Every structure is written in structure tokens, then in C-alpha cells.
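So you can see what is in the structure, the chains are spelled out below.
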Protein chains: 2
Amino acid sequence: MPQTTIKIGSGDSTRERILKAAMLRFSAHSYEETGLRDVAADVGVDPAYVHRCFGSKEKLFLEAVRAAARPERLFSGDADELASTLASELFAERGENEIRSLDIVIRSFSSPAASRVLRDSLMEDFVGPLLRKRGQVSEKRAALVAAFLIGAGILRDVVRADPLLGQDEGELQEIIVQTIEELMNGDAVQEGDARCAPAPDHRGR
Amino acid sequence: MPQTTIKIGSGDSTRERILKAAMLRFSAHSYEETGLRDVAADVGVDPAYVHRCFGSKEKLFLEAVRAAARPERLFSGDADELASTLASELFAERGENEIRSLDIVIRSFSSPAASRVLRDSLMEDFVGPLLRKRGQVSEKRAALVAAFLIGAGILRDVVRADPLLGQDEGELQEIIVQTIEELMNGDAVQEGDARCAPAPDHRGR
DNA sequence: AACTATTGTCATCACCTGTTGACTTGACAC
DNA sequence: GTGTCAAGTCAACAGGTGATGACAATAGTT
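This is a predicted model, so every value here is computed, not measured.

A. The protein's contact with DNA strand C, seen in detail. The environment of DNA strand C is made up of 14 residues, and the closest members are Arg37(A), His51(A), Thr14(B), Asp46(B) and Tyr49(B). Restricting the count to atoms of DNA strand C within 4 Å of the protein gives a sugar and phosphate share of 58%. Here a base nitrogen of DNA strand C sits 2.9 Å away from a polar atom, N or O, in the side chain of Arg37(A). A distance of 2.8 Å is found between a phosphate oxygen of DNA strand C and a side-chain nitrogen or oxygen belonging to Thr14(B). Looking at which element gives the most residues to the surface near DNA strand C, the answer is helix α3 (residues 47–54) of chain B, with three residues. Classifying every residue of the surface near DNA strand C gives five nonpolar, five polar and four charged.

B. Structural context of the pattern of salt bridges. All names here are of chain B. Applying the stated criterion across every chain yields a total of 30 salt bridges over all chains. The residue arginine 134 makes a salt bridge to glutamate 181 at a minimum N-O spacing of 3.1 Å. Taken together, the residues arginine 134 in the loop between α8 (112–133) and α9 (139–158) and glutamate 181 in helix α10 (residues 169–191) connect sequence positions 47 residues apart. You'll find arginine 134 and glutamate 181 in the same group, each marked buried.

C. Quick look at unusual backbone geometry. Residues and elements named next belong to chain A. The residue arginine 160 is not glycine, and still its phi comes out positive at about 55°. With respect to the helices and strands, the residue arginine 160 is situated in the loop between α9 (139–158) and α10 (169–191). Of note, aspartate 168 is a non-glycine position whose phi angle comes to about 60°, a positive value. Structurally, the position occupied by aspartate 168 is in the loop between α9 and α10. Relative accessible area serves as the criterion here: at 42%, aspartate 168 is assigned to the partly exposed category.

D. Summary view of the interface of chain A and chain B. Across the contact, 46 residues belong to chain A and 46 residues belong to chain B. Both sides of the chain A and chain B interface together cover about 4100 Å² of buried area, and 71% of this is carbon and sulfur. Inspection of the chain A/chain B interface yields two salt bridges. Between Lys140(A) and Glu171(B) there is a salt bridge, with its nearest N and O atoms 4.0 Å apart. Where chain A touches chain B, the interface holds two residue pairs in polar contact (both at pLDDT 80 or more). Residue assignment for the side of chain A that touches chain B shows that the elements contributing at least two residues are α8 (112–133), α9 and α10 of chain A. The biggest single contributor to the side of chain A that touches chain B is α9(A), with 14 residues. Class assignment for the residues of the side of chain A that touches chain B results in 25 nonpolar, eight polar and 13 charged.

Cut-off values and rules
Residues numbered from 1 in each chain as written. Chains lettered and ligands numbered in written order. Predicted model: local features only at pLDDT ≥ 70, side-chain atom pairs only at ≥ 80, totals over all residues. Heavy atoms only, no water. Near = heavy atom within 4 Å. Polar contact = N/O pair within 3.5 Å; in protein donor to acceptor, adjacent residues only side chain to side chain. Helix = DSSP H or I, 4+ residues; strand = E, 2+ residues; numbered from the N terminus. Nonpolar A, V, L, I, M, F, W, Y, C, P; charged D, E, K, R; others polar. Salt bridge = Lys/Arg side-chain N within 4 Å of Asp/Glu carboxyl O. Buried < 20%, exposed > 50% of the residue type's maximum accessible area, 1.4 Å probe, protein only. Contact = heavy atoms within 4.5 Å. Buried area = accessible area lost by both parts, 1.4 Å probe.

Dropping the structure here:
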């Protein structure tokens, strides 16, 4: 289960509770939509305090992005199952206090402030770990895997495009896994013995 | 050359000039970043007038999206070259007054107002035409092609992720073409005689 | 010439945003 | 007690937003 469960326990410091509330807000709304006043209200604290705790809205967002990324969660499994792991991140059901690594990313790339933060996180928390896990994959291909996941996430969860929603998720997931696999294996396939990629071994229907 | 060149001729009505200025603004900045005052200033007209001309900012945005989509431009070519056409849309160099269909889309998912508009445009101006052009392709796969293009566009032009920028565009483009091709042909390949997709005949380097 | 839309401008409203500085409260130390 | 530092509150500022309604100018029609 790849989500991060966010518990706003009363044992946490107020700063931590603010950060967790911000993660939840940013994962459901865009950077611009999310106001410091909203976050403050969630925690039950004065808006001025959340500002003073983090220095600025952008810094709060930055901390939220980095805390939500958690690359070790996505890239600690078997290298063979990476495509499948990444794809299932897309379809993970979100409980009340759970967010996916993707969530914040797909809501907030618009604002210049946000996209600066996201660029760094993309390289350090996704492309980097992926390259380390799969040495053969080029940076380009790793970035395209991210692009595919992000695009699918946006169309599904932000735009709520019908074909990616609801019925027959199994088939959809299978297509995505296969595409990611081909995206990652592409070079190896053309240089290897056969023109065809080896059939991905997960027939998870 | 798939871009739309926007000429703000003095022959156009003021309303048309406003719309074209809005298209340019929305293609370079997000929905939230773009103010009616900016658009008005570009045209040299009072901000109140652009509001009254289109009823609301959202309606102006809607018209800009629909005017920029121009599906006939993307889907009028050879069905065999569709993947290549779509991919080259990503890499089309933008002149001063040119925008790609993608541009407005990739800037402005954030706001709820914008994403409602974009959902409709996605289905009517992309998925629909693609299905008509390639009967075998499922709605899911068509939407995933859009997701891939949008994701790549965002990472490249909004986030400006390094691996998708600058050097060796030819290789990048080839990977994208192949991925789109596989995305569209996936079903046919598994049901057809051979396991391998026919090699895409465009060695466009 | 007089009437009438259309085209466009002006000042301004109501609202919301991140940010700031001054203040209060509480706990702990000496 | 008194001094000190952190935690948190309060009211307000400065700037920007889309939206309005009242007004001016222009052009076309009869």
C-alpha cells in the first residue's frame, strides 16, 4: 500500500501538525487555491502563525512536497516489479488522511513558485532513484516515465476524464504497466537479441 | 507546421483582438496568473471592456481553449503518421505569435474553472477525433495518449525538467513516437498475428 | 437633425491574498 | 519575584483580483 497516511496526532508539535495539514490541503487543491488561512483553520491556529513557522507560503509548500515524495517507498521494491509498483501508485485508493506521492505534484505545477520546487523534487525524488534502481535506463526515459504517470494522474484525478475513471480499472492498469515497461526497456530491446520486449510477467488482471 | 499563428491584425474586430491576445497570454501563463488587466493592456483597451465582451474570465478562457484546440490540424494527416504528427506537436518551435494546441492545456489545469473546460475540450477535440481516425483504438488508450503528451509537455515546458530539454531532441522524439504508437496499437498487436507492432515507417530524425 | 445601438472608458466596489509588527500568554531559570 | 525566551494571537497593511454600473463617444438609420 503505497500511500502515506497522515495522522495529525496531538503528540505532534504544532509545526508538524501544520505541515501535515498543508500536505493534505496541497494534495487536494492547487497551490493557488490553498490559502494559509485554510491550513491554519484546519489546525486551529492563527494564520499568522503558520506563516511565521515556515517563513513563507512557498517554503511551506516546499516542505510539504519533500515530505510527501518519500522516494524510498516507491523504489524499494523489486526492480522487476518497478513498473507495476509505479502504476499501482496511480490507482491507490486514498483514505481520509492518506495521500499519494503524486497528489501534490499533479495539483500544483502551474504557479511558477510551485514548479521550481517540483522540478527539483522530480529529479531528486524520482529520476535519480529510478536510475539507481534500473541502471540501463536513460535520464530521458526516466523523465518520460514521470511524464506519463503525471499526465495520467492529472487526466484522471484533476481533470477527471471519463475514460480513465471508474469502469475496468484492471485493463487500464495493465496498459499503463506495459507502457512504463516499454518506456524503460526501450533501449535494451532495440540493442538486444529480439525486437520484442519480453512479455511483462505480471498478468495481473 | 502544426502551430497556430496568431496575427493581431488591425482588420480584426476588437473582440477578436482580445481573444487572440488572451490565447497568447493563456498559452504562456497559467489561468490564475493571467489577469484581465494583462490581456486588456496587450490590446490597448480598458480592462472593463474585455470583461464585458466575454461575460467573465472563465468564458474568455473557454473561448481561448476552443479556438486553440483546432483538432482538424492534428488529425487531418495520414492515419499512419498520426503518432509522428502528435509527437512533433510537442517539439514545434514557437515563434513570437504562435501557439501549439497543447500550450494552453498544459499551463492551466490548476483552477477548477479551467479543468472543467479542459475536460470537455479533451474529449471533443482530442479523444473523439483520434477515435474517428483510428477506429481500433479504445477510449482508454486515446486518453492515455493525451496523458502522455500532456505530461511530457508539462515536464518539458512548464516544469522545464532538464532531461526533456535541449540536447538530442531527435532521440527524445523517437522514443515518444514509438510510445504513442505502442499505446495506440497495443490491443491490435496482442490480437493480431504477430506479437510485435509493425515497425513505424517514419524514421524521421 | 434626431434617435438609437454599439463600442468603449472611468472610477470604484467588494473581496481575498500573503505578510508584518506589536502584543499576550505561559513556562522555566535564577 | 524577576528576567527571558518561545509559542501563539490580534489587528491591520498593501497589493491585487474580477466584477459593476454610470457615463462618453462614435456610427448607422430613419
